[in-house]
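# A look at the structure
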Amino acid sequence: ELKEKINLILGLYRKWNLCLCGMGNLGSALFAYRGFRELHLNIVAIFDNDAQKIGKSFRGVKISGPKTIASVVKKLNIDIAIIAVPQTAAQEITNKLVKAGIRAILNFAPVKLNVPKKVKLRNDDLSTELIHLVYFLSSSV
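Residues numbered from 1 in each chain as written. Predicted model: local features only at pLDDT ≥ 70, side-chain atom pairs only at ≥ 80, totals over all residues. Heavy atoms only, no water.

### Notes on the packing of aromatic side chains
Within a pair of aromatic rings, the relevant descriptors are the distance that separates the centres and the angle that separates the planes. Inclusion rule: Centres within 6.5 Å make a pair out of two Phe, Tyr or Trp rings, where for Trp the six-membered ring is used; the pair is then stacked when the planes are under 30 degrees apart, edge-to-face when over 60, and tilted otherwise. The numbering of helices and of strands both runs from the N terminus, where a helix is a DSSP run of H or I of at least 4 residues and a strand a run of E of at least 2. Each residue's exposure class comes from its accessible area (1.4 Å probe, protein chains only) as a fraction of the maximum for that residue type: buried when under 20%, exposed when over 50%, partly exposed otherwise.
Summed over all chains, the structure comprises two aromatic pairs. On the basis of an interplanar angle of 65° and a centroid distance of 5.2 Å, the ring pair of Phe 31 and Phe 58 is categorised as edge-to-face. One end of the pair, Phe 31, is in helix H2 (residues 25-32); the other, Phe 58, is in strand E3 (residues 57-58), and 27 residues separate them in sequence. Residue Phe 31 is classed as buried on the basis of its relative accessible area, which comes to 6%. For Phe 58, a relative accessible area of 29% translates into the label partly exposed. On the basis of an interplanar angle of 85° and a centroid distance of 5.0 Å, the ring pair of Tyr 33 and Phe 36 is categorised as edge-to-face.

Pasting the structure below:
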């Protein structure tokens, strides 16, 4: 009963459709993470600019080019995007996602993104997090 109440509060009582932008090493690892599915967070679309990947499917999810973001987001009712692209492409992809109606973004690109106030943005810079750990270890010696 407690788990049900917590899921209700967190919004995990329903399935959420996500898209993943960037299918490089980090994107592939994020896609493979089983924890998303356990929380009803389903990656239903992948976007990448690599012509050799576009049009192919990865574990049943089609990889599309960035030009199709608007149509795919609308067609699949995607609310959340994960950005795992190089910092040079991150803002451009973010702009396309926002224009398509994405309301929440998890950013793994090491760059500060500009989004409207109506869009919830969370940043997760792995390098910065590791530096925090190195600092902790260095200062405790």
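### Concerning the sheet that holds strand E4 (residues 61-64)
Within a sheet, adjacent strands bond to each other through the backbone by hydrogen bonds, running parallel or antiparallel. Applicable threshold: Should DSSP find at least two bridges between two strands, the strands are taken to pair.
Strand order in the open sheet formed by seven strands is E3-E4-E2-E1-E5-E6-E7, with mixed pairing between adjacent strands. The open sheet has two free edges, formed respectively by E3 and strand E7 (120-123), since each of these has just one partner strand. Looking at chain direction, E3 and E4 are connected through two bridges and run antiparallel. Across the sheet, the residue bridging to Ser 57 is Lys 62, located in E4.

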